[in-house]
Structure formats: structure tokens, C-alpha cells
Amino acid sequence: MNKLKQKVLVLNQNYEPLSITIMKRAAVLMLTGRAELVERRSFDLHSVNGVYPAPSVIRLKTYIRVDNRWPPLTRKNILKRDNHTCQYCGAKGGDLTIDHVIPKNRGGRDTWDNLVTACVKCNNRKGNRTPEEAGMKLRRKPFKPYYFMLNLPDIPDSRWEKYLFLKHRV
Ligand SMILES: [Zn+2]
């Protein structure tokens, strides 16, 4: 894969996640002084002017005002967050349902951290039980996504996690 097309997480001036860009654009933002390196990758970038650490996370030096950080909690957005993948067995596409991790009649709420994508088979198997009771394991902990995370199938670099999941627990 072309290194310059690898994904870079852009943080706002206050360290809040803002967007995702590609390495080429991130390098330009850093070279022009508009952003600084926060987390680097394990390789370097070579340009005519020298050698630079490849960025994984950068931070803008100027605060960008953001009005709309969070997508609405809808079936469509839950499927997008979960990359249309059953969060129990990993089946992708097909007939997908939304499962309450803690069942509704046992106090489970309609929140980002209690709703996951599940295939019909897993949803039926789980029934009115918690994952522990059903002996089923979630592939990852459900989370409240920023808008830009809805189209991100995987977190491409584990260095992003502490910025993405820091402040926005539901
Ligand atoms: Zn399944």
C-alpha cells in the first residue's frame, strides 16, 4: 500500500478528534506549520527537504469550531458503526438486526453502548439474555462514534485509541 495514502487521525487544537486524512495531506499540514506531530508511525517519510517521522496522529495548531460531532442514534448508523458486521459471530451483510446487549426488559437502554449489530441467528440464540448468560462474546466494546468514524471499518492504528475513546463514553 502506498504509504502516503495511509490514514492519519487529525485532532483539533484541544486534542478532540476531528477527522481523518491521508498521510500526504497530513505531511503538508505539518510542513506548513498548521499541524504538529502527536503520534508517529514506525517509519519515516523522505522528501527533497529531508527525512520526517511518518505521522499517525496530528494536532491542528488552530482550534476549528465544530457544530456537529455526533451522528444521531439510528439503526442505519449503528449498522455503519459496526461495518454491517454481526458483533457476536462476525458475519457480514445479509439479514442484520439490532441487539440490545442488556435486554430492554432488564433495564437495557437505547444507547450507543447498549446497541449492537447482530445477525438473525445470533440474535435468536441470545434471546432475552445478557452476553455472559448466553455464553456469547462481543467482538468489541460498543461505543459512541464521531461522525467520521461511521465510515471507518477498523481503527487502522492502535495509537488512535486513546484519543478516540477518551471522553465520549455514553
Ligand atoms: Zn452472528
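Everything numeric in this text was worked out from a predicted model, so none of it was measured.

A. Seen up close, the overall build of the chain. On a plain count of helices and strands, the chain comes out with five helices and six strands. Reading the chain from its N end, one meets helices and strands in the order β-β-α-β-β-α-β-β-α-α-α. By its C-alpha atoms, the chain is 60 × 35 × 25 Å across when sized along the principal axes. Relative to its full complement of 170 residues, the chain shows a buried share of 41%. With an accessible surface of roughly 9700 Å², the chain has 51% of that area assigned to carbon and sulfur atoms. Distance between charge centres in the chain, computed from 33 positive and 15 negative side chains, equals 4 Å.

B. A look at the coordination of the zinc ion. Binding of the zinc ion to the protein goes through C86 (SG), C89 (SG), C119 (SG) and C122 (SG), at separations of 2.3 to 2.4 Å. Bound by four donor atoms, the zinc ion shows angles of 103 to 117 degrees at the metal and therefore tetrahedral coordination geometry. Mapped onto the sequence, the residues coordinating the zinc ion show the spacing C-x2-C-x29-C-x2-C. Within this pair, whereas C86 is found in the loop between helix 2 (75–81) and strand 5 (96–100), its partner C122 is found in helix 3 (residues 120–126), the two being separated by 36 residues in sequence.

C. Broad picture of the UniProt feature "domain: HNH nuclease" (unreviewed entry) in the chain. This chain's UniProt record puts "domain: HNH nuclease" (unreviewed entry) on residues 73–124. Here residues 73–124 is 23% helix and 19% strand, with 23 Å between the C-alpha atoms at its ends.

D. Seen up close, the environment of D110. Its location among the elements puts D110 in the loop between strand 5 and strand 6 (115–119). Filtering out sequence-adjacent residues up to four positions away, D110 remains in contact with L73, H100, K104 and L115. Side-chain polar atoms of D110 contact the side chain of H100, separated by 2.6 Å.

E. Quick look at the packing of aromatic side chains. Inspection of every chain in the model, using the stated rule, returns three aromatic pairs. Between W70 and Y146, the ring centres sit 4.3 Å apart and the planes meet at 25 degrees, which makes this aromatic pair stacked. Note that W70 is positioned in the loop between strand 4 (50–60) and helix 2 and Y146 in the loop between helix 4 (131–134) and helix 5 (161–164), a separation of 76 residues in sequence. One residue, K3, lies across the ring of F43, its end atom 4.5 Å from the ring centre. Seen from the ring of W70, K144 lies directly overhead, with NZ or CZ sitting 4.4 Å from the centre.

F. The environment of K3, seen in detail. Along the chain, K3 falls in the segment before strand 1 (7–11). When the C-alpha atoms of K3 and V51 are compared, they prove to be 14 Å apart, with 48 residues separating the residues in sequence. Aside from chain neighbours lying at most four places away, what touches K3 is M23 and F43.

G. Structural context of helix 1 (residues 23–31). Every buried residue of helix 1 is accounted for by M23, A26, A27 and L29. The arc enclosing the buried residues of helix 1, seen along the axis, measures out at 160 degrees, which places them on a common side. Residues K24 and L31 are exposed on helix 1 and point more than 90 degrees away from its buried face. Those residues of helix 1 that are buried are in contact with strand 1, strand 2 (17–22), strand 3 (35–47) and strand 4. Where helix 1 ends, the next residue or the one after it, G33, has phi of about 80 degrees, a positive value.

The rules behind the values
- Residues numbered from 1 in each chain as written.
- Predicted model: local features only at pLDDT ≥ 70, side-chain atom pairs only at ≥ 80, totals over all residues.
- Heavy atoms only, no water.
- Helix = DSSP H or I, 4+ residues; strand = E, 2+ residues; numbered from the N terminus.
- Buried < 20%, exposed > 50% of the residue type's maximum accessible area, 1.4 Å probe, protein only.
- Areas by Shrake-Rupley, 256 points an atom, 1.4 Å probe, with all protein chains shown as cover.
- Lys, Arg positive; Asp, Glu negative; His and termini not counted.
- Charge placed at Lys NZ, Arg CZ, Asp CG, Glu CD.
- Donors = N, O, S within 2.8 Å, 3.2 Å for Na, K, Ca; no water.
- Tetrahedral: all angles 85-135°; square planar, octahedral: opposite > 155°, others 65-115°.
- UniProt positions renumbered as here; feature names shortened; annotations may be inferred.
- Contact = heavy atoms within 4.5 Å.
- Polar contact = N/O pair within 3.5 Å; in protein donor to acceptor, adjacent residues only side chain to side chain.
- Phe/Tyr/Trp six-rings, centres within 6.5 Å; stacked < 30°, edge-to-face > 60°.
- Lys NZ or Arg CZ within 6 Å of the ring centre and 35° of its normal.
- Arc of directions from axis to C-beta.

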